[in-house]
Every structure is written in C-alpha cells, then in structure tokens.
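Close look at the chain arrangement
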Amino acid sequence: MTGNEEQKEMIARLAAIATLAGIKGQVEEDGTRFTAGYGSDDGRSQMVYACAIRTPCGPGVSVYSPAARYKKGFFGGLSKEAAIELLKLNERTFFARFGLRDVGDETLLVASVDLLIETLDPEELRAAMGSVSGAADRWEEKVGKGDDF
C-alpha cells in the first residue's frame, strides 16, 4: 500500500467515525483530508480539518482548525508578544495546542490535537473537533480579524 492509499484509508475510517458521532463533514476530492464546519451560539463559524499522520504508536489523524493568517517575514509575521501568549495558552488549553503551518506565502496559526485511529471512538472525535474549533475561534476573535475560518 502506498502512503497516499494509506492516508485515504485512514481518512475513510475517520469519516465513518464522524458519521457515528453525528459530525456533518466530507472527505475532500483527493481523499486525503476530512473537512467539517462548526457553528457557535453567537453566530460565529469555524472550519475543522483532519489529515492522516504517523505517530510513534501507529496510524493517526491530526485534527486542526485555523485561527489566524500571518504573512511570512519580519513585518507581517507573528509578533513576539503573540508568540509568548500562545505558548502560555498551550499550557492552559486542554485538548488543543497551537502551532504554525506554512501554506504558500503565508503562515497559518492552527489549534490542533493528534489522535490514534485504532482507538478513536465517536465521542473522542466529537470532543477533539469541538476543542480545536473552540480554541481556534477564541484566538481568531481575540485578534479581531473577523470570522475568516
């Protein structure tokens, strides 16, 4: 099995678990990522994604939600103050961590959590997706850049 086939298989398994959890989402066209939208009571929305990963304990998924978009480089990037605040948030935010993902000429700040696919159940997936979407949306709202994700 190729790496791409294995990724597709893990995402198909995740999609089946999401269905059992009542999560409305879809596998993207290439089969390597799952996408779901979340809405909050105050009218805000947040996208959540899952992609296949390899962990030291076996196949897994990384569940993540974008929180902010930053330009790469000295003048457009994440400030030192924001980076320190995010490190402090990592210490007190449960079931989500903040990290950076490079996407073209931008850097995305994401909230994420990694899960083993073999032991993943519907309740754990629902909690993970809710946790990362909530953490990401709180940061997005804090930095005041609208409801972009």
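Up top is the structure these notes are about.
About the criteria used
- Residues numbered from 1 in each chain as written.
- Predicted model: local features only at pLDDT ≥ 70, side-chain atom pairs only at ≥ 80, totals over all residues.
- Heavy atoms only, no water.
- Core = buried A, V, L, I, M, F, W, Y, C linked by side-chain atoms within 4.5 Å.
- Buried < 20%, exposed > 50% of the residue type's maximum accessible area, 1.4 Å probe, protein only.
- Contact = heavy atoms within 4.5 Å.
- Pairing = 2+ DSSP bridges.
- Helix = DSSP H or I, 4+ residues; strand = E, 2+ residues; numbered from the N terminus.

1. Describing the nonpolar core
Counting residues in hydrophobic clusters, the biggest one holds 36 residues, and the most contacted among them are Phe-34, Val-63, Leu-125 and Trp-139. Excluding residues within four positions of it along the chain, Leu-125 makes contact with Leu-14, Ile-17, Ala-18, Ile-23, Val-63, Leu-115 and Leu-120. In terms of nonpolar packing, the next biggest core, distinct from the first, is built from 5 residues, Tyr-49, Cys-51, Tyr-64 and Leu-108 among them.

2. What about the pairing of strand β3 (residues 45-55)?
For strand β2 (residues 33-39) and β3, the ladder comprises 7 bridges, and the chain directions are antiparallel. Counterpart to Gly-39 in the pairing with β3 is Ser-45. The turn joining β2 and β3, which pair antiparallel and follow one another in sequence, is formed by 5 residues; a positive phi near 90° is taken by Gly-43. Both β3 and strand β4 (residues 58-71) contribute to a ladder of 7 bridges, which runs antiparallel.

3. A look at the environment of Phe-95
Checked against the element boundaries, Phe-95 lands in the loop between α2 (80-92) and β5 (97-103). Sequence spacing of Phe-95 and Ala-82 is 13 residues, and the spatial spacing of their C-alpha atoms is 20 Å. The residues touching Phe-95, leaving out its near neighbours within four places in the chain, are Val-113, Ser-131 and Val-132.

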